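What follows is each chain in one-letter form.
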Amino acid sequence: MRRTIDWNDGAVLIIDQCALPVEYRTLRLRTVGELIAAIQRLAVRGAPALGAAGALGVALAARAHGEDLDSVRRDATALAGARPTAVNLSWGVERALGKLAGGPDAVLAEARTILDEDERVNRAASRLAADEVLRRCERRPLRLLTHCNAGRLATVSWGTALGVVWHLHEAGLVEQVFADETRPLLQGARLTAWELAEAGVPYRVLPDSAAATAIARGMVDCVVVGADRIAANSDTANKIGTYPLALAAAHHGIPFFVVAPESTVDESIPDGAAIVVEERDSAEVTSFAGTRVAPESARAFNPAFDVTPAALITAVVTEKGVR
Ligand SMILES: CSC[C@H]1O[C@H](OP(=O)(O)O)[C@H](O)[C@@H]1O
């Protein structure tokens, strides 16, 4: 299955990202409830993939409720609220809801359009970002560092930050990718590493806390990350741990790039202060692979994202170009 998420015979089909890298399996989600649960446990995740999930979820609701539009809208509201930070989820829901008057087929057609658009948009944004990396980094081949997973698994297909790697790797311009493991859910160690291995790109996984040292030792030419919500002034919400990366990159004078589709830009908010950051359960921090690693009494501070000020970002690149 090349697409991370798709529509198949009346159901939403996803790659189960909770099972990777140990097992590659797909899940068929037949109801909005099943889809919301999959979103909340990150079986499907990543801003562009969530945009598609939101639209496909409205298609499920429209087929289930028919002319009972209040029930469709109730399901749509629950979908949009499944995870608050990535603007794409509500963006996908709203795009699909906009076709509700045309009936279930019109809603599904809009969701399918989002699926078809995504790869083209990601290829374009990551191509422009790769050109910007080449313009700003002298060394060849390049050593890139990334955080979390912004590859094909975070999108319908291709990827955003990792899309830059694919373009550069195809041209023989990647020496190595450093993939932050990205605690606590390890999207980097589990998903980015899986994608890099699948693509045959040389890579090393590192603890998030080692990234600044890799940068300080001159091991990294640039940092490239994805995004979940970009404010009008280009302050950017992304996986927790992105902000300290940007601080280290700025301190050591290496470029820091954010790559995202325009659908991740939220022009309705002036700056990052307005971005709602999802707080997740303490157990994600106090346990590891189902084993407790902290005392029973331990509580955790577990924000799923942080906000990087635009001043620390060398360039935010979308399919429209450098913001
Ligand atoms: C290309 S968007 C990827 C973006 O989403 C991830 O968050 P999560 O794994 O919680 O969905 C992370 O912030 C990535 O940069």
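Just so you know, these numbers come straight off a predicted model, no measurement behind them.

A. A look at the site of the ligand. Near the ligand you find 18 residues, and of these Arg45, Arg83, Asp228, Asn238 and Lys239 are the closest. Within the contact set of the ligand, an oxygen atom lies 2.9 Å away from a backbone nitrogen or oxygen of Gly46. Within the side chain of Arg83, one N or O atom sits 2.7 Å away from an oxygen atom of the ligand. In isolation the ligand offers 410 Å² of accessible surface; the protein chains occlude 100% of this area. Counting residues per element, the ones that place at least two in the shell around the ligand are helix 2 (47-65) and strand 9 (236-239). Taken together, the residues that form the shell around the ligand break down as eight nonpolar, six polar and four charged.

B. The arrangement of the environment of Ile15 in detail. As for its placement among the helices and strands, Ile15 is situated in strand 2 (residues 11-15). Looking at Ile15, the relative accessible area reads 1%, which means it is buried. Taking the C-alpha atoms as reference points, Ile15 and Arg28, 13 residues apart in sequence, are found 9.2 Å from one another. The residues contacting Ile15, other than those within four sequence positions of it, are Met1, Arg3, Thr4, Leu20, Tyr24, Arg25, Thr26, Ala43, Arg152 and Leu153.

C. Local environment of the domain arrangement of the protein. For the protein, the assigned domains are domain 1 (5-118) and domain 2 (126-322). Each partner contributes residues to the interface: domain 1 has 25 residues there, and domain 2 has 29 residues. Across the interface of domain 1 and domain 2, roughly 2200 Å² is buried in total on both sides, 56% from carbon and sulfur atoms. The largest per-residue losses of area from domain 1 upon contact with domain 2 belong to Arg45, Thr85 and Val87, which jointly make up 27% of the total buried on that side. There are one salt bridge connecting domain 1 and domain 2. The salt bridge partner of Arg83 is Glu278, with a shortest N-O separation of 2.9 Å. Here domain 1 is connected to domain 2 by 15 residue pairs in polar contact (both at pLDDT 80 or more). Elements represented by at least two residues in the side of domain 1 that touches domain 2 include exactly helix 2, helix 4 (87-97) and helix 5 (104-136). Sort the elements by how many residues they give to the side of domain 1 that touches domain 2 and helix 2 lands first, with four residues.

D. Layout of the packing of aromatic side chains. Inspection of every chain in the model, using the stated rule, returns one aromatic pair. Where Tyr24 meets Trp194, the ring centres are 5.9 Å apart and the plane angle is 20°; that geometry is what we call stacked. Here the residue Tyr24 occupies a position in the loop between strand 2 and strand 3 (26-29), and Trp194 occupies one in helix 7 (residues 187-199), the gap between them amounting to 170 residues. The cationic tip of Lys239 hangs over the ring face of Phe305; the distance from NZ or CZ to the ring centre is 4.1 Å.

E. Geometry of the UniProt feature "active site" (unreviewed entry) in the protein. In the numbering used here, UniProt assigns the feature "active site" (unreviewed entry) to Asp228. Counting through the fold element by element, Asp228 comes out in the loop between strand 7 (222-225) and strand 8 (229-231). Residues in contact with Asp228, not counting those within four places in the same chain, are Ala47, Thr85, Ala86, Val87, Asn88, Ala237, Asn238, Lys239, Thr264 and Phe305.

Thresholds, definitions, all that
Residues numbered from 1 in each chain as written. Predicted model: local features only at pLDDT ≥ 70, side-chain atom pairs only at ≥ 80, totals over all residues. Heavy atoms only, no water. Near = heavy atom within 4 Å. Polar contact = N/O pair within 3.5 Å; in protein donor to acceptor, adjacent residues only side chain to side chain. Areas by Shrake-Rupley, 256 points an atom, 1.4 Å probe, with all protein chains shown as cover. Helix = DSSP H or I, 4+ residues; strand = E, 2+ residues; numbered from the N terminus. Nonpolar A, V, L, I, M, F, W, Y, C, P; charged D, E, K, R; others polar. Buried < 20%, exposed > 50% of the residue type's maximum accessible area, 1.4 Å probe, protein only. Contact = heavy atoms within 4.5 Å. Domains from an automatic or database assignment. Buried area = accessible area lost by both parts, 1.4 Å probe. Salt bridge = Lys/Arg side-chain N within 4 Å of Asp/Glu carboxyl O. Phe/Tyr/Trp six-rings, centres within 6.5 Å; stacked < 30°, edge-to-face > 60°. Lys NZ or Arg CZ within 6 Å of the ring centre and 35° of its normal. UniProt positions renumbered as here; feature names shortened; annotations may be inferred.

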